[in-house]
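# Geometric and topological summary
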Amino acid sequence: MSSTGTHVGAVDQLAWLRFGADPAGLVLGRSVERALVPVRMFREEPVRVALIGGWWLASLVAFRALAVGAWVAVSTTAPERWQPLVRATHGTDRLAVIVGDRPIKATASWSSPVLLIDDFGPYAPAARGNLAPWQTRLTVLPWLTPPGAAVAGSATLLIAQRLAPEEAALLRLDGRTAGLVQAMHDDMIALVGGGANRYVWVSPTAAETHFFGAPHRSR
């Protein structure tokens, strides 16, 4: 992968992540039965993911993607927010943190997928750039606004931390789902898409907690 950004990265710390790469996808946590919950974040067809929550969760997803062999490029207006991820992955050339909306050239494949993270605040554009096979664009929405709701509505997959009532209302969730996403604990996320909603305990490892802190939703 090439870009005009700063490359930082890989490290022994990535070996501390013990979820592993499941053939069905990237493991984001565990179910109520404690079974691993894999998500098909990378596919032959392009994938768009909306993440409603803070940089703790976004950094965790990026860290786990790196641990299973993905290239990760973060486009952001606030690179300091990504310093915990930079420190956690010091030594790898598979992470780039890029200030602003700069073009990124990234060749992706089944064995080396690409995760493009957009961190432009709650008013992110609904669509940005074209995606190639095995590329996934993840848009970070620290809180939900009407423009952000349009991004979430067009996403292949929605990943959400606990929502406020006004955020749940913007997503037009059914009553049961709206109630559940407002009652989740700090270490839980909702996965919405693919015809079924799932509620997952993120179960951060000791290394993840060391670098990113305890589960929380920052704004």
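Residues numbered from 1 in each chain as written. Predicted model: local features only at pLDDT ≥ 70, side-chain atom pairs only at ≥ 80, totals over all residues. Heavy atoms only, no water.

### Some details on the side chain of Ser-75
We apply this condition: Each helix is a run of DSSP H or I of at least 4 residues and each strand a run of E of at least 2, with the numbering of both proceeding from the N terminus. When a residue's accessible area, from a 1.4 Å probe over protein chains only, is under 20% of the maximum for its type it is buried; when over 50% it is exposed; and in between it is partly exposed. Throughout, a residue-residue contact means that at least one pair of heavy atoms, one from each residue, lies within 4.5 Å.
Looking at where Ser-75 falls in the secondary structure, it is placed in strand E5 (residues 71–76). Overall, Ser-75 belongs to the buried group, its relative accessible area being 1%. Setting aside residues no more than four positions away along its own chain, Ser-75 makes contact with Ile-98, Gly-100, Ile-104, Ile-117, Asp-118, Asp-119, Phe-120 and Arg-128.

### Overview of the packing of aromatic side chains
Let me state the cut-off plainly: Each Phe, Tyr or Trp ring, with Trp reduced to its six-membered ring, pairs with another whose centre is within 6.5 Å; inter-plane angles below 30 degrees give stacked pairs, above 60 give edge-to-face pairs, and intermediate values give tilted ones.
Following the criterion strictly, the structure yields one aromatic pair and no others. Judged by centre distance (5.6 Å) and plane angle (80°), the ring pair of Phe-63 and Phe-212 falls under edge-to-face. One end of the pair, Phe-63, is in helix H1 (residues 55–67); the other, Phe-212, is in helix H6 (residues 206–212), with 149 residues separating them in the sequence. Accessibility expressed as a relative area gives 0% for Phe-63, which makes it buried.

### As for the pattern of salt bridges
Just so we agree on the cut-off: Throughout this description, the term salt bridge denotes a Lys or Arg side-chain nitrogen within 4 Å of a carboxyl oxygen of Asp or Glu.
Per the counting criterion, the structure on display carries five salt bridges. Of the charged contacts, one joins Glu-208 and Arg-64 as a salt bridge, the two residues approaching to 2.8 Å between their closest N and O atoms. Taken together, the residues span a long stretch of sequence, with Glu-208 in helix H6 and Arg-64 in helix H1 at a distance of 144 residues. The residues Glu-208 and Arg-64 share a single accessibility class, namely buried.

### Digging into the layout of surface pockets
To find leftover empty space, a probe the size of one water molecule is rolled over the atoms. We count it as follows: The definitions used throughout rest on a 1 Å grid laid over the protein atoms alone, on which a cavity is an enclosed set of points accommodating a 1.4 Å probe that cannot get out and a pocket is an open set flanked by protein within 12 Å on both sides along at least five of seven lines; lining residues are those having an atom within 4 Å of a point. Grid points are joined across faces, edges and corners, and a volume is the space filled by probe spheres set on the points. Asp, Glu, Lys and Arg are counted as charged, while Ala, Val, Leu, Ile, Met, Phe, Trp, Tyr, Cys and Pro are counted as nonpolar; the rest, among them Gly, fall into the polar class.
Empty space within the second largest pocket amounts to approximately 190 Å³. For the lining of the second largest pocket, the secondary structure elements donating two or more residues are helix H3 (146–154), strand E9 (157–160), helix H4 (165–171) and strand E10 (188–193). Counting residues per element, the lining of the second largest pocket draws most heavily on H3, which supplies three residues. A breakdown of the residues in the lining of the second largest pocket according to their chemical character gives nine nonpolar, three polar and one charged.

### Topic: the nonpolar core
One broad rule of soluble globular proteins: the nonpolar side chains tend to lie buried together. Which entries qualify depends on this criterion: Residues grouped as a nonpolar core are buried Ala, Val, Leu, Ile, Met, Phe, Trp, Tyr and Cys residues, joined through side-chain atoms within 4.5 Å.
Counting residues in hydrophobic clusters, the biggest one holds 41 residues, and the most contacted among them are Met-41, Val-72, Ile-117, Leu-138, Ile-159 and Leu-191. Excluding residues that lie within four positions of it along the chain, Met-41 makes contacts with Leu-26, Val-47, Val-49, Val-61, Leu-115, Thr-136, Leu-138, Leu-157 and Ile-159. Formed by 18 residues, the second largest nonpolar core is a distinct cluster that contains Leu-144, Ala-149, Ala-160 and Leu-163.

### With respect to the environment of Glu-44
For Glu-44, the position within the fold is in the loop between strand E3 (36–39) and strand E4 (47–52). Linking Glu-44 and Ala-132, residues 88 residues apart in sequence, is a C-alpha distance of 8.4 Å. Setting aside anything within four residues of it in sequence, one finds Glu-44 in contact with Pro-133 and Trp-134.

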